Structure formats: C-alpha cells, structure tokens
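Inside the fold
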Amino acid sequence: MAEEKRKPNQLKQAARQIGAGGSAGFVEVCIMHPLDLIKTRLQMQRIPPGKVISSSEMHLYAGIGDCFRKMYKSEGLLSFWKGVVPPILAETPKRAVKFFTFEQYKQFFLFGSPVPTPVTFCLAGLCAGITEAILVNPFEVVKVTLQVNRSQSKQAPSTMAVTREIIRSQGLGLNGLNKGITATIARNGVFNMMYFGFYHSVKGIVPQVQGSWQEFFKNCAIGFVSGTLASCVNIPFDVAKSRIQGPQPTPGVVTYRGTLRTLGMVYSQEGFRALYKGLLPKVMRLGPGGAIMLIVYDHAYAYLSEVFPD
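Thresholds, definitions, all that
Residues numbered from 1 in each chain as written. Predicted model: local features only at pLDDT ≥ 70, side-chain atom pairs only at ≥ 80, totals over all residues. Heavy atoms only, no water. Patch = residues over 30% accessible without salt bridge, like charges linked within 9 Å, V, L, I, M, F, W, Y side chains within 5 Å. Areas by Shrake-Rupley, 256 points an atom, 1.4 Å probe, with all protein chains shown as cover. Salt bridge = Lys/Arg side-chain N within 4 Å of Asp/Glu carboxyl O. Helix = DSSP H or I, 4+ residues; strand = E, 2+ residues; numbered from the N terminus. Polar contact = N/O pair within 3.5 Å; in protein donor to acceptor, adjacent residues only side chain to side chain. Phe/Tyr/Trp six-rings, centres within 6.5 Å; stacked < 30°, edge-to-face > 60°. Buried < 20%, exposed > 50% of the residue type's maximum accessible area, 1.4 Å probe, protein only. UniProt positions renumbered as here; feature names shortened; annotations may be inferred.

- The protein is annotated in an unreviewed UniProt entry as Mitochondrial 2-oxodicarboxylate carrier from Megalurothrips usitatus.

Take a look at the structure:
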C-alpha cells in the first residue's frame, strides 16, 4: 500500500518539475533573446587585433551599443528577435528537461549522504547540461543561422525554410543539423555545473531573511551571480559553438571543425581576447536571465504544488 501511494506522488512531483521548468524557459527566452542575438553577432566577427571599426561599416560592430544601433538602422526593430522561434520551441522542453533531470541526477549523486552537498549539485548540473545539450543542439544550429542573417526582418527566411535548407545541403549528421554538438555539450555542461552548483550551495548557506520580498531579492541576487559566474567560465566554448554552427568564412569550405581545434584557431589568429567575444551581452542576458529562470521555476513549482497537491 505504501508503494502504491508513493508512485502518484512521484509522478505529480515530476510533472510539477517539468511544468515549472518549461515555464521558466519560456519566460526567460522571450525577455532576453535580443541580447543572445547580439552575442552571436559579436562572436561571429573575425576582426584582426587592433582594427578600428568605423560607424560606416554596417557589417561590423564595435560593441553592444554599436550593434544595436546598426541592426535597428539597417534591419529594423523586429530583427532583434530573429531566430526566436527555435529557442521558443526548444526552451520550454529544454528547461523542463534541464530542471527535471537535475532533480533526478541530484538523487543519484548523493553518494549515501542524507542531504545534497556542493559536489552533488555540481555533478547533477553537469549531467543535466549534457542531457539538455544533446536534445537542443539541432535547434541551436537553426537559431545561429537565423541570427547571423542580415536581411530585413520581413525578408529574412523562415525557421522552416532554414531548417529544410540545412537538411538538404548538409544533412542531419555531425556536418549538418547536429554540427557543433561537442561544443554545445561543453558549453551547457560547464554552465549548468557552475550555475546549479553555486546557486544551491550558496542558497543553502545564506540564512533566510524575514519577509517575502527580502527573500525574493536575496534569491534574485544569488541567481544573478550564478548566471554571471557560469557565463564567464563557459564563454570560450560558446564562441567555438557559434563559429562551428554559423556560416564559414569561405563558402563551401569548412574552416571550423571540432571544439578544441576551433578554440586553437581563434586563439592563434585573433588572440586570447577573441575567446571572450560576446561576454558582455552574454552576461547581460544570462545574469538576469539566470535569476529569472530560477525565480520563475520556484514560483511556478510552488503554484503547481498548490493546484495539484500530493
């Protein structure tokens, strides 16, 4: 009888984790997508060290503000949401998988301890990020292709058109819709290891404060630092992913192939700082974005627990 009662509770708990994770991903991507696009544009630039970019060079960007200005002038306001459909389609199941698998891996990595330790959180986050990356990589390939397209938003190809063209010309394998999967695994694995590891470890140490608003802002601050720290650590893998999945410098010739090889090429040709291209917009997105996701997840999970109690 006890076993029969436990199963429905576990199913409801899993459903709440999936629903709350999906809600968190959807809200975050709708708000923060323009900064993800700016990050990708900056990462795709191949600029020799020391080159000064003028305001008349519309295809090159000196920074975040310059990119916003030139995109708005040449491509229109809606261009900031180019490539938003793949992440919307992917983020809801992606974040659902991310938070759900994190909770499952957390139980696996307890190592006999009655309570989770920082090592538990880090390993569970790493494995959740790897699982997430494998599922989401085809959407990332389509998203990057859409984001680097410089046409006016009304003239830009649709998500389905880009997907069909990638499959037609490059296939479904590691040179097509699944190219850059090792870079995506490295990026997501490292990010989630730092993100979940820091957030849950620090949240467990910092004492609770009186009042719901104070607790809310405390969790926001921890989530912001978690997203910022994770972004700073995994950015080189993000640069490699953008280079591998985006258009190659010479059409028809694959220049960037393999994560470590791409990192080496970027470093040797453009310098160490090139490995951190797009860091500021990434931090501007995933700092507050990390806080948004964790806060929305916690509140959505609490709401679903009230609506669908055990």
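1. Section: a nonpolar patch on the surface
- Where nonpolar side chains cluster on the molecular surface, the patch consists of F26, V27 and I31 and spans about 250 Å² of accessible area.
- As for its placement among the helices and strands, V27 is situated in helix α1 (residues 2-44).

2. Observations concerning the side chain of S79
- Among the structural elements, S79 can be located in the loop between α2 (64-75) and α3 (85-108).
- Within the structure, S79 has its side chain in polar contact with the backbone oxygen of G76 (distance 2.5 Å).

3. Focus on the packing of aromatic side chains
- In the structure shown here, the tally under the stated rule is 12 aromatic pairs.
- Centroid distance Y195 to F196: 5.3 Å. Interplanar angle 65°. Geometry classified as edge-to-face.
- A residue is classified by how much of its surface remains accessible, and Y195, at 0% relative accessible area, is buried.
- Judged by its relative accessible area of 1%, F196 is buried.
- Look at Y297 and Y301: their rings are 6.1 Å apart centre to centre, the planes differ by 25°, and that puts the pair in the stacked class.

4. Remarks on the UniProt feature "repeat: Solcar" (unreviewed entry) in the protein
- In the numbering used here, UniProt assigns the "repeat: Solcar" (unreviewed entry) feature to residues 12-108, 116-205 and 214-303.
- A distance of 19 Å separates the end C-alpha atoms of residues 214-303, which is 77% helix and 0% strand.

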